[in-house]
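A closer look at the structure
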Amino acid sequence: MAGQNCGVTIALLGVLLLGAVLLRRGAGARRRVRRRRGSLGAEDAELGSGRPSRDAPTARSPRDRPAPGRAASGEVAVRSWVASDLVLGAGRGTWECSRAGNPAVRGDEPRADGAGENKSVSQPSPGDLPHAGAWGLKIILLTPFFFLLPEAFEIAPPHGSGITVFIKPGSPALPSKLCYIINAKRHKTLLTIQSGEKEVFSFSCHNPENHFVIEIQKNIDCMSGPCPFGEVHLQPPASALPTLNRTFIWDVKAHKSIGLELQFSIPRLRQIGPGESCPDGVTHSITGRIDATAVKIGTFCSNGTVSRIKMQEGVKMALHLPWFHNRNVSGFSIANRSSIKRLCIIESVFEGEGLATLMSANYPDGFPEDELMTWQFVIPPHLRASVSFLRFNVSNCEKKEERVEYYIPGSTTNPEVFRLEDKQPGNMAGNFNLSLQGCDQDAQNPGILRLQFQVLVQRPQNESNKIYLVDLSNEQAMSLTIEPRPIKLSRKFVPGCFVCLESRTCSNNLTLTSGSKHRISFLCDNLTRLWMNAEKTISCTDHRYCHRRSYSLQVPGDILQLPVQLHDFSWRLLVPKGKLSLALVPSQKLQQHTQEKVCNTSFSYLVAGAVPGQDLYFGSFCPGGSIEQIQVKQNISVTLRTFAPSFQQEASRQGLTVSFIPFFKEDGVFTVTPDTKSKIYLRTPNWDWGLPSLTSVSWNISVPSNQVACLTFLKERTGVVCQTGRAFMIIQEQRSKAEEIFSLEDDVLPKPSFHHHSFWVNISNCSPVSGKQLDLFFWVLLTPRTMDLTVIIIAVVGGGALLLFALGLIICFVKKKKKKKSKGPPVGIYNGNINTQMPMQPKKFQKGRKDSDSHVYAVIDDTMVYGHLLQDSNGSFLQPEVDTYRPFQGPTGDCPPSPPPICSRAPTAKLSTDEPSPAFPAESESEPYTFSHPNNGNTDIPLLDTHEPEDPGE
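Along each chain, the written sequence defines residue order, and numbers are assigned to residues from 1. For this predicted model, a pLDDT threshold of at least 70 governs which residues receive local features, and a threshold of 80 or more governs which side-chain atom pairs are given and counted, while totals over whole chains, interfaces and linings are taken from all residues. To obtain the side-chain values, all non-hydrogen atoms of the structure were used and water was disregarded.

**Thoughts on the overall build of the protein**
- Looking only at helices and strands, the protein has eight helices and 58 strands in total.
- Each residue is placed in one exposure class: buried if its accessible area under a 1.4 Å probe, protein chains only, is under 20% of its type's maximum, exposed if it is over 50%, and partly exposed if it falls in between. Considering the protein as a whole, with its 954 residues, one finds that 40% of them fall into the buried category.
- In this analysis, two residues are considered to be in contact whenever any of their non-hydrogen atoms come within 4.5 Å of each other. Intrachain contacts of the protein at a sequence separation of at least 6 include 80% that bridge at least 24 residues.
- Of the roughly 54600 Å² that the protein leaves accessible, carbon and sulfur atoms contribute 53%. In DSSP terms, a helix is any run of H or I states spanning at least four residues, a strand is any run of E spanning at least two, and both are numbered starting from the N terminus. Note that accessible areas follow from Shrake-Rupley with a 1.4 Å probe, and for residues the cover is restricted to the protein chains shown.

In structure tokens:
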């Protein structure tokens with residue numbers, strides 16, 4: 001702000017000083033006029049007052065009148081200047097200033113009497129000259145406008161220089177009526193100046209840089225004469241040109257057998273792609289030539305690695321400078337070289353670590369057909385270079401094959417040939433060449449060949465000289481990918497991270513497959529910028545072969561020995577549908593990750609369904625919990641995910657075994673043995689999105705004999721709203737089989753409950769309404785079992801009562817046994833009129849009398865009662881078929897409570913009172929047996945019917 005005030009003050013002082021000088025000159029001119037005419041009195045007074053004398057004639061003599069086309073006085077001239085829009089040459093003439101300080105005007109049109117020639121205007125009469133105060137004031141007021149006058153330019157290219165100057169509207173061109181080129185008293189929008197011509201011009205506006213550009217083109221013919229090799233100069237100098245955007249073009253034509261080399265001084269050039277621009281606005285456009293066809297080599301900025309470009313058959317170099325840039329040198333030179341026998345050679349020099357992006361000729365358009373283009377890279381010996389292709393396309397070839405060739409120092413197979421689709425070499429020490437070879441394209445469908453690639457030069461790391469052997473020969477259906485971590489992009493140079501296969505083929509990512517051995521190395525300044533992801537598939541196609549088989553889910557040791565962090569290792573476990581299920585058994589019990597109890601280990605297992613169309617995520621689990629086993633009905637994906645480099649030290653804790661078990665209908669079963677020291681937090685799968693529709697999950701929670709488990713739900717209601725079906729929760733004691741069934745849609749969740757024995761928790765979902773999903777979160781806490789005084793008293797009293805009852809039973813048994821000695825043997829008597837079925841209970845035997853042997857009892861040990869009926873025709877007795885009770889030998893408590901069937905989860909219609917309940921079928925004719933003992937030969941019911949049997953023939 002202080003600088004601006006100082007500048008304004010200096011400008012005002014200059015204007016005042018100029019006004020004072022003009023005042024003194026005006027006073028001296030007035031005194032000379034008075035001496036010459038000899039009048040001092042009233043005229044001087046009136047002249048000093050600025051009013052004409054009353055005695056002075058009002059009409060001017062012909063001698064005192066200004067000639068046509070001339071300014072009559074300074075005041076008229078200023079008016080003419082103001083009327084001409086303050087533009088030089090736009091009014092009626094060009095300004096000059098006489099010694100007396102009076103301005104004169106050149107006439108626009110020549111006159112016969114010489115009035116239009118370049119002559120000074122005669123001195124005005126005293127009556128026409130304003131007084132000194134008025135002149136000085138007008139000059140002071142009008143002086144700033146003289147500084148706004150546009151500048152006139154003169155351009156005269158030397159004869160035979162081959163330079164042509166074009167001044168033309170810029171692009172995009174603004175409306176031409178705003179500004180014109182004034183040349184030879186004409187308003188123009190285009191001005192061309194050939195060599196040997198001289199043109200003087202100006203502009204009708206004060207910002208011509210917004211309307212026009214200037215182009216200086218120099219044609220150099222090396223075919224008819226010698227070429228002016230050496231440093232190229234800017235002609236005419238940029239300082240002598242108008243302040244417009246300037247483009248210098250050198251068009252060099254040469255024979256096909258002559259090579260031309262453009263050498264660029266420091267800073268070298270950097271190639272840019274389509275749509276990119278240079279920060280300082282200075283660009284270099286280089287074009288080659290094939291016969292009469294122009295081929296664009298590329299567009300370049302400053303501060304790069306390109307030091308030389310060699311071409312043959314001519315070159316066209318264009319240097320674009322913005323109007324505000326005061327550059328006065330071209331920055332390159334031209335040298336003569338022998339034929340290069342290809343389109344061009346671009347040399348790129350690296351003095352240290354860096355990155356260069358280069359493109360094929362005509363990029364993004366197609367590379368010329370069957371042409372050869374080469375890049376030469378100069379690399380310091382202590383650095384390493386890697387090549388990666390960013391974008392490329394291949395054309396349809398009729399003959400030959402499109403390829404890239406490398407000449408690598410020390411290689412025994414030079415040149416090394418690669419396809420564009422192949423991984424390109426890396427970790428190369430020293431200089432090397434890269435060539436792009438086109439082919440003969442199909443005339444009907446040529447396609448397009450183009451290439452954009454990147455060369456990264458960086459310091460070698462310790463890991464770049466170390467070879468790692470990854471043996472995957474014993475693995476099946478497995479792949480390992482090493483790739484960069486996602487990072488934020490930075491404008492600063494960041495050395496790349498490459499993975500090299502066999503120390504030569506390097507790329508940003510590398511995928512290794514099973515069945516072979518791989519030798520890899522790393523070219524990276526920081527290996528933490530890389531990570532590994534692996535995937536393996538374990539499938540079973542024949543359930544008879546896979547039944548009860550187990551597989552270990554462990555990361556191979558060859559992967560753990562790599563110096564890169566493992567991110568994910570996923571196992572896809574596939575089973576035949578409806579034939580087998582899966583059981584996951586960890587080497588250490590697992591903990592489910594929740595917000596209340598997070599996993600603090602360096603890795604965890606992510607268990608999710610792998611059935612297409614089913615989104616079932618069981619959760620994240622880590623070692624150090626209470627889950628002993630996870631059983632899953634169908635295909636799943638188990639992913640070991642690491643969170644810290646310390647996984648290498650904790651790798652021994654990882655260990656998971658998968659077994660193929662018989663198929664079961666539950667979607668998931670968790671076997672939990674709670675820890676006596678802390679709470680166990682459990683939640684339903686798909687916690688963030690809700691349990692999937694019609695999904696059933698169970699938890700088998702074990703309770704030690706000396707502990708009591710407290711089951712607590714963290715909210716009163718689930719909030720689920722079913723669209724179809726019903727959502728249930730069943731809590732079942734495994735010893736007593738007592739069940740509690742809760743409707744998760746209607747009922748309030750149970751309050752904390754205590755369980756002295758192992759129990760089941762089963763949750764079965766319905767088809768919920770969107771936004772009203774089912775999710776449950778609960779915890780289990782074990783506490784030691786305690787005995788209070790009341791329980792002890794009740795136990796003592798109960799024990800005494802039980803003892804007395806046992807004594808009574810013994811006494812009764814003894815008495816009955818004594819009575820049995822006097823009684824006959826027990827006799828089984830069939831009675832068809834007695835119904836032994838309990839009321840409202842279904843039949844115990846599904847078969848009828850005719851279909852089973854339920855009427856035969858082993859307790860009928862006296863066969864002589866019906867002896868005459870048991871004899872066959874030979875007189876021998878027939879032995880009836882009997883059965884005995886066998887105790888159950890299978891496991892108990894291993895099966896979860898059966899949830900209501902899916903059909904019962906749907907709303908059902910109530911039964912009418914007239915219809916019998918379908919759960920209790922009608923009783924059929926019962927056929928029981930009763931037993932009686934004979935008393936003195938008399939019985940309440942006769943043993944045999946007294947009626948004689950009827951004749952079968954009747």
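**What to know about the nonpolar core**
- Among the nonpolar cores identified, the biggest contains 81 residues, and L573, L584 and W699 are the most heavily contacted of them.
- If sequence neighbours within four positions are ignored, W699 has contacts with F670, V672, L682, R683, T684, F759, W760, V761, I763 and F778.
- Ranked by size, the runner-up nonpolar core spans 74 residues in total, among them I220, V295, A385 and F418. For the purposes of this section, nonpolar cores are sets of buried Ala, Val, Leu, Ile, Met, Phe, Trp, Tyr and Cys residues that join through side-chain atoms within 4.5 Å.

**A word on the state of the cysteines**
- When the sulfur atoms of two cysteines come within 2.5 Å, that pair is taken as a disulfide. In this structure the tally under the stated criterion is seven disulfides.
- Between the sulfur of C278 and that of C301 lies a disulfide, 1.8 Å long from S to S. Handedness here is read from the sign of the S-S torsion; for C278 and C301, about -85 degrees, the answer is left-handed. Separated by 23 residues along the polypeptide, C278 in the loop between β13 (268-272) and β14 (283-290) and C301 in strand β15 (residues 293-304) bring together distant segments of the chain. In terms of burial, C278 and C301 fall into one category: buried.
- Bridging C722 to C766, the disulfide has an S-S length of 1.9 Å. Disulfide C722-C766: torsion about the S-S bond near -85 degrees, hence left-handed. Placement of C722 in strand β50 (residues 722-724) and of C766 in the loop between β54 (759-764) and β55 (767-768) is noted, with a sequence separation of 44 residues between them. We note that C722, like C766, is buried.

**Comments concerning the sheet that holds strand β26 (residues 428-429)**
- Any two strands are treated as partners once DSSP identifies two or more bridges connecting them. Ordered in space as β20-β29-β22-β26, the four strands form an open sheet in which the pairing is antiparallel. Of all the strands in the sheet, just β20 (354-359) and β26 have a single pairing partner and so form its edges.

**Observations concerning the environment of L553**
- Within the secondary structure, L553 sits in strand β37 (residues 550-553).
- Under the relative-accessibility criterion, L553 is labelled buried at 0%.
- Put simply, L553 and F569 are 16 residues apart on the chain and 9.7 Å apart in space, counted from C-alpha to C-alpha.
- When sequence neighbours within four positions are dropped, the list of residues in contact with L553 reads I538, W571, L573, L584, Q654, G655, L656 and V658.

**Focus: the sheet that holds strand β6 (residues 186-188)**
- Strand order in this open sheet of four strands is β3-β8-β5-β6, and the pairing throughout is antiparallel. Since the sheet does not close on itself, it has two edges, and those belong to β3 (153-155) and β6, each with one partner. Direction aside, neighbouring strands of the sheet carry axes that sit 35 degrees apart on average.
- Where strand β5 (residues 181-183) meets strand β8 (residues 199-203), three bridges bridge the pair, whose relative direction is antiparallel. What sits directly across from I182, in β8, is S202. What counts as an axis is a line fitted to C-alpha atoms, over the stretch in contact for a helix, and the angles between N-to-C directions run from 0 to 180 degrees.

**Some remarks on the packing of aromatic side chains**
- Stacked, tilted and edge-to-face are the three classes applied to pairs of Phe, Tyr and Trp rings, where Trp contributes its six-membered ring and a pair requires centres within 6.5 Å; stacked means planes under 30 degrees apart, edge-to-face means over 60, and tilted covers the rest. Counting across every chain of the model gives 26 aromatic pairs.
- Considering the side-chain rings of Y681 and F777, the 5.9 Å spacing of their centres and the 15 degrees angle between planes classify their relative orientation as stacked. Remark: F777 occurs in strand β56 (residues 777-784) and Y681 occurs in strand β47 (residues 680-683); sequence separation between them is 96 residues. The pair formed by Y681 and F777 is uniform in burial state, with each residue classed as buried.
- Among the aromatic residues, ring-to-ring pairing joins W375, F377, F389, F392, F432 and F453 into one connected group.
- Either the NZ atom of lysine or the CZ atom of arginine qualifies as a charge over a ring when it sits within 6 Å of the ring centre and within 35 degrees of the ring normal. Above the plane of the ring of Y545 lies R549, whose end atom (NZ or CZ) is 3.9 Å from the centre.
- Over the ring of W779 we find K679; its NZ or CZ atom is 4.0 Å from the centre of that ring.

**With respect to the pattern of salt bridges**
- Salt bridges are defined as contacts in which a side-chain nitrogen from Lys or Arg sits within 4 Å of a carboxyl oxygen from Asp or Glu. Per the counting criterion, the structure on display carries 19 salt bridges.
- Put simply, K536 and E475 hold a salt bridge, and the shortest N to O gap is 2.8 Å. Here K536 is found in strand β36 (residues 530-539), whereas its partner E475 is found in the loop between β30 (468-471) and β31 (478-484), with 61 residues between them in sequence. Like E475, K536 is buried.
- For R641, the salt bridge is made with D568, and the minimal N-O distance between the two is 2.8 Å. One end of the pair, R641, is in strand β44 (residues 636-642); the other, D568, is in strand β38 (residues 565-574), and 73 residues separate them in sequence.

**Topic: unusual backbone geometry**
- For the peptide bond that leads from Q235 to P236, omega is -10 degrees, which places it in the cis range.
- Residue P364 is bonded to the preceding Y363 through a cis peptide linkage, with omega at 10 degrees.
- Within the element layout of this structure, P364 appears in the loop between β20 and β21 (372-378).
- Positive phi values are uncommon outside glycine, yet K400 reaches one of about 65 degrees.
- Given the relative accessible area of 53%, K400 is considered exposed.
- Non-glycine residue R548 carries a positive phi angle of around 70 degrees.

**Digging into the pairing of β47**
- The alternating pattern of β47 places I680 and L682 and Y681 and R683 on opposite faces, both of which are buried.
- In this structure, β47 lies alongside β56, joined through four bridges in antiparallel fashion. What sits directly across from L682, in β56, is F778.

**As for the side chain of D251**
- With respect to the secondary-structure elements, D251 resides in strand β11 (residues 245-253).
- What qualifies as a polar contact is a pair of N or O atoms within 3.5 Å, subject to a donor-acceptor requirement within protein and to the restriction that residues adjacent in sequence count only when both atoms come from side chains. At 3.3 Å, the side chain of D251 forms a polar contact with the side chain of R289.
- Ignoring sequence-local partners within four residues, the contact set of D251 consists of Q217, K218, N219, I220, R289, V315 and K316.

**Examining the confidence of the model for the protein**
- Per-residue confidence for the protein averages 75 on the pLDDT scale, and 67% of its residues sit at or above 70.
- Known as pLDDT, the predictor's per-residue confidence is scaled from 0 to 100. Segment residues 29-147 is flagged for pLDDT under 50; beyond a separation of four residues in sequence, or across chains, it makes 116 contacts in the model.
- Note that pLDDT drops below 50 for residues 881-892; the model gives that stretch three contacts with residues more than four away or on any other chain.

**A closer look at the side chain of S395**
- In this structure, S395 sits in strand β22 (residues 384-395).
- Within the structure, the side chain of S395 is placed 3.5 Å from the side chain of Q441, a separation counted as a polar contact.
- Apart from residues lying up to four places away in sequence, S395 is in contact with E402, C439, Q441, P446, G447, I448 and L449.

**Quick look at the environment of N526**
- As for its position among the elements, N526 is in the loop between β35 (517-523) and β36.
- What makes N526 partly exposed here is its relative accessible area of 34%.
- The spacing of N526 and V564 is 38 residues in sequence and 10.0 Å in space, taken between C-alpha atoms.
- At 2.6 Å, the side chain of N526 forms a polar contact with the side chain of T528.

**Observations regarding a nonpolar patch on the surface**
- A cluster of nonpolar residues, L803, L804, L807, I810, F813 and V814, forms a patch on the protein surface that exposes about 610 Å² of accessible area.
- Structurally, V814 can be placed in helix α7 (residues 789-820). A patch is a set of surface residues, each over 30% in relative accessible area and not in a salt bridge, joined within 9 Å for like charges and within 5 Å for the nonpolar side chains Val, Leu, Ile, Met, Phe, Trp and Tyr.

**Focus: the pairing of strand β45 (residues 656-662)**
- Among the seven residues that make up β45, five are buried, leaving the element largely enclosed by the rest of the structure.
- Bridge count between β37 and β45: four bridges; the pairing is antiparallel. The partner of Y551 across the bridge, within β45, is V658.
- Relative to β45, strand β39 (residues 580-586) is paired through seven bridges, and the arrangement is antiparallel. When the bridges of β45 are listed, L584 appears paired with V658.

**What to know about the environment of N700**
- On the secondary structure map, N700 appears in strand β48 (residues 696-701).
- Here the alpha-carbon distance between N700 and Q732, two residues 32 residues apart in the chain, equals 9.9 Å.
- Looking at N700, its side chain comes within polar contact range of the side chain of Q734, at 2.5 Å.

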